[in-house]
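Listed below, chain by chain, are the residues.
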Amino acid sequence: MSLFEMSERAAKYRSDLLEFMDALVYPAEPVYETQMAESGNPHFQPPILEELKTEARNRGLWNLFHPHPDVGPGLSNLEYAPLAEIMGRSPHLAPEATNCSAPDTGNMEVFTLFGSDEHKEKYLKPLLEGKIRSAFAMTEPAVASSDATNVQLSMVKDGGEYVLNGRKWFASNALHQNCRVMIVMGKTDPDAATHRQQSMMVVPIDAPGVTVMRGVSVFGYQDREGHAEIDFNDVRVPAKDVLKGEGEGFAIAQARLGPGRIHHCMRCIGMAERALELLCRRAQSRVTFGKPVSDNANIRDWIAEARIDIEMIRLLTLKAAYLMDTVGNKAAQVEIAAIKVAAPEIALKIVDRAIQVHGAGGVTEDFPLAGFWAHLRTLRLADGPDEVHKRAIARQELKKYREAAQ
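Rules used in this analysis
Every chain is numbered on its own, with residues counted from 1 as its sequence reads. Predicted model: local features are reported for residues with pLDDT of at least 70 only, side-chain atom pairs are reported and counted for 80 or more only, and whole-chain, interface and lining totals are derived from all residues. As a convention, hydrogens and water are excluded, and side-chain values are obtained from all of the structure's heavy atoms. In DSSP terms, a helix is any run of H or I states spanning at least four residues, a strand is any run of E spanning at least two, and both are numbered starting from the N terminus. For a compact globule the rule gives 2.2 Å times the number of residues to the power 0.38, and the radius of gyration it is set against comes from C-alpha atoms. Classification of residues uses two cut-offs on accessible area relative to the type maximum, computed with a 1.4 Å probe and protein chains only: under 20% is buried, over 50% is exposed, and between them is partly exposed. Residue contacts are counted whenever heavy atoms from the two residues lie within 4.5 Å of one another. In short, Shrake-Rupley with a 1.4 Å probe defines the accessible areas, and a residue's cover is counted only from the protein chains shown. The convention is simple: Lys and Arg are positive, Asp and Glu are negative, and His and the chain ends are not counted. Lys charges are placed at NZ, Arg charges at CZ, Asp charges at CG and Glu charges at CD. Only strands that DSSP links by at least two bridges are regarded as paired with each other. Here a cavity denotes a set of grid points, spaced 1 Å apart and computed over the protein atoms alone, in which a 1.4 Å probe fits but from which it cannot get out, and a pocket denotes an open set meeting protein on both sides within 12 Å along at least five of seven lines; residues with an atom within 4 Å of a point are reported as lining. Grid points are joined across faces, edges and corners, and a volume is the space filled by probe spheres set on the points. Here the term charged refers only to Asp, Glu, Lys and Arg, the term nonpolar to Ala, Val, Leu, Ile, Met, Phe, Trp, Tyr, Cys and Pro, and the term polar to all other amino acids, Gly among them. UniProt positions are given in the numbering used here, feature names are shortened, and annotations may be inferred rather than shown by experiment. One less than the number of residues in a helix, times 1.5 Å, gives the span that helix is expected to have. As used in this record, nonpolar core signifies buried Ala, Val, Leu, Ile, Met, Phe, Trp, Tyr and Cys residues forming a set joined through side-chain atoms within 4.5 Å. Domain delimitation follows an automatic or database domain assignment. What makes a salt bridge here is a side-chain nitrogen of Lys or Arg within 4 Å of a carboxyl oxygen of Asp or Glu, nothing more. Two N or O atoms count as a polar contact when they lie within 3.5 Å, although within protein this holds only if one can serve as hydrogen donor and the other as acceptor, and sequence-adjacent residues are included solely when both atoms are side-chain atoms.

Engineer: Explain the overall build of the protein here, please?
Structural biologist: Per the secondary structure count, the protein includes 11 helices and 9 strands. Here the C-alpha radius of gyration of the protein, 22 Å, is about what a compact globule of 406 residues would show, namely 22 Å. Its C-alpha atoms give the protein principal-axis dimensions of about 80 × 65 × 45 Å. When the 406 residues of the protein are sorted by exposure, 51% land in the buried category. Across the protein, contacts joining residues at least 24 apart in sequence account for 73% of those joining residues at least 6 apart. Summed over all atoms, the accessible surface of the protein reaches about 18300 Å², with 53% contributed by carbon and sulfur. Within the protein, one finds 47 positive and 54 negative side-chain charges whose respective centroids are separated by 3 Å.

See below:
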C-alpha cells in the first residue's frame, strides 16, 4: 500500500460522494441560483439545500469531517482530505449539504473537545444534526488581526460572569438564518503572558447586548452565510461558558485551525479541478481566428501548468494531513503553513486563467468562476494571511542554521 493510498472505507465514501455530486449536487446548482434570486434575500435558506441535506444524511454522507468516532465516522485527516476536495467543486452547496461547512466544522470540534455537558447538549447535538448553524468571532476591524495577540474585545470578570465589550467583523455564518451561537475570542487578562491573555467563550447570537451591524461584502458578493460585523455592548456571559478555562484561547485556536486549514486547502483543489475542467471544455468548444481556442500554444501551456500545479499542491496537502495524523499538528506546522499559502494562490491562478478563456462570460454569474475567484482571493487572508504563514516557515527554516552554528 502506497503512502497516500486511500483506505477501503475512505474509498467507499469517495465513491458515494462522487455519485451524490453527479446525481444531485451539480443539477441543483441552477435551482439554487434561481431560488436565491427569487427570494431577494442574500441570506435566504433555499429549499433545494434542505432537500440535499436530507438526501446526504440518508446516504450516510453526513458529518464526514468529524475525527471522533463517537460523533462522526472517525476519518483521519488523510482519509477526509479527498472528500473535502470533492466538496470544493461546489462550495456553495456540497459542504453544507453534508454538514461539513466552516466554521461549523471547527466549532463542533471545539465543543467536542472543550465544551461542557451543557454545551454539548444545547449546541453540539443540534449542530451535528444540522438543525442550527454557528459563527466564530475572532477578527476585529480596529486592529491588525493577522497578529491574534492584538485582539482587543474585553472580557472583564464581574462576579460569576464576564462582561464583553468590543467589536468583531468577518464573523462568518453569523447572518445564516439558522445561526444560534458564536464562539468568541477576547482578552480576559491584559497583564498575563502574551499567549495567556485571551479566552474563548460561548455566546448566543441573540444575547442581550449583541448587535449584528451588517454583512460585510467580499468583492461585491454577499455570501449567504454572511461575514458579519458585530457589536458587543456589556454582553454578560456566565463563567461556565468559558471554554477550557481562562487564558486558553490560543491553545483552542491552534487545536481548531490545523484541521480547518486542511479542509480549506482541499476545497481549493476541488475548485481548481473544476476550473480546469471548465477551461478545457470552453477552449475546445469556442473558435477564434479559424481554429479552436485549445489549439493556441499559450492555452495548452496553461492546461499543462494547471495539471502540474494541482498535482503538486494535492501531494503537499496530503503530506500535511499524513503528518498531522502520525506526529501531530505541531510537528506538521511547516507543512500546514505551506499548503495554506500554496493552495489558494495556485487555485486562484488556475481560476483566473479559466475566466480568461471564458471571456466576458467568465466574470458573470453564468459560471461559478467569478465566485470561486472571490472565495479563493479571500482565503489568502482568512485563517492567517500568506505573510504570516511565510514568516512561520522562514523562522523554522532559519532555526536549523542557528542551531547548527551553536
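Engineer: Just to check I follow, could you spell out the pairing of strand β4 (residues 179–187) for this structure?
Structural biologist: Strand residues, when the strand is regular, have side chains that alternate between the two faces of the sheet. Burial of β4 is extensive: 8 of the 9 residues sit out of reach of the surface. Inspection of the sheet shows strand β1 (residues 133–137) paired to β4 by 5 bridges, in the parallel sense. Note on β4: the bridge partner recorded for Phe136 is Ile183. Pairing geometry for β4 and strand β5 (residues 198–204), over 7 bridges, is antiparallel. Following the sheet pairing, Gly186 is matched in β5 by Ser199.

Engineer: What is the right way to look at the layout of surface pockets in this model?
Structural biologist: Here the idea is plain: a probe the size of a water molecule rolls over the atoms and shows the empty space left. Considering only enclosed or pocket space, the second largest pocket measures out at about 290 Å³ in volume. Every residue lining the second largest pocket is counted, 17 residues in all, and those nearest its centre are Arg14, Pro82, Glu85, Ile86 and Arg314. When contributions to the lining of the second largest pocket are tallied by element, the ones reaching two or more residues are α1 (8–39), α3 (77–88), α7 (249–285) and α8 (297–326). Of the residues belonging to the lining of the second largest pocket, the class tally is 10 nonpolar, 1 polar and 6 charged.

Engineer: Any chance you could explain the UniProt feature "domain: Acyl-CoA dehydrogenase/oxidase N-terminal" (unreviewed entry) in the protein here in plain terms?
Structural biologist: Here the UniProt feature "domain: Acyl-CoA dehydrogenase/oxidase N-terminal" (unreviewed entry) sits at residues 47–131. Within the segment residues 47–131, helix and strand shares are 60% and 0% respectively, and the terminal C-alpha atoms sit 14 Å apart.

Engineer: Can you help me understand α8 in this one?
Structural biologist: Note: α-helices contain 3.6 residues per turn, so residues at a spacing of three or four share the same orientation. A rise of 1.5 Å per residue sets the reference length of α8, with its 30 residues, at 44 Å; its end C-alpha atoms lie 44 Å apart and thus fit the reference within 8%. Just beyond α8, the residue with positive phi is Gly328, at close to 100 degrees.

Engineer: Whenever I open this one, the nonpolar core confuses me. Can you help?
Structural biologist: Soluble globular proteins tend to pack their nonpolar side chains together in the buried interior. Counting residues in each nonpolar core, the largest one holds 88 residues, and the members touching the most others are Phe20, Tyr80, Met87, Met200, Ile262, Ile350 and Leu369. Residue contributions to this core peak at 15 residues, all from α7.

Engineer: Which parts of the structure should I look at to understand the domain arrangement of the protein?
Structural biologist: Often, the extent of an interface is quoted as the loss of accessible area upon association of its parts. As assigned here, the protein comprises domain 1 (8–115), domain 2 (133–243) and domain 3 (250–404). If you look at the interface, domain 1 gives 20 residues, while domain 2 gives 18 residues. When the shortest N-O distance is used, the salt bridge between Glu96 and Arg224 registers 2.8 Å. The interface formed by domain 1 and domain 2 holds 14 residue pairs in polar contact (both at pLDDT 80 or more) in total. Looking at the side of domain 1 that touches domain 2, the elements that each hand over two or more residues are α1, α2 (47–58) and α5 (104–114). Ranked by the residues each element gives to the side of domain 1 that touches domain 2, the list is headed by α5, at 5 residues.

Engineer: When you look at empty space enclosed by the protein in this model, what are you seeing that I'm missing?
Structural biologist: In total, this model carries 1 cavity of 30 Å³ or more according to the counting rule given. Its volume calculated, the largest cavity comes out at about 40 Å³. For the largest cavity, the full set of lining residues is Lys53, Glu96, Asn99, Cys100, Ser101, Asp104, Met108, Gly130, Ile132 and Arg133. Along the lines of polarity and charge, the residues of the lining of the largest cavity split into 3 nonpolar, 3 polar and 4 charged.

Engineer: Honestly, the side chain of Gln197 in this entry has me stumped. Any pointers?
Structural biologist: Assignment of secondary structure puts Gln197 in the loop between β4 and β5. Separated by 3.2 Å, the side chains of Gln197 and Lys187 make a polar contact. Here the side chain of Gln197 touches Ala192 through a polar contact of 3.1 Å, landing on its backbone oxygen. Discounting residues that sit within four places of it in the chain, Gln197 has contacts with Gly186, Lys187, Thr188, Asp189, Pro190 and Ala192.

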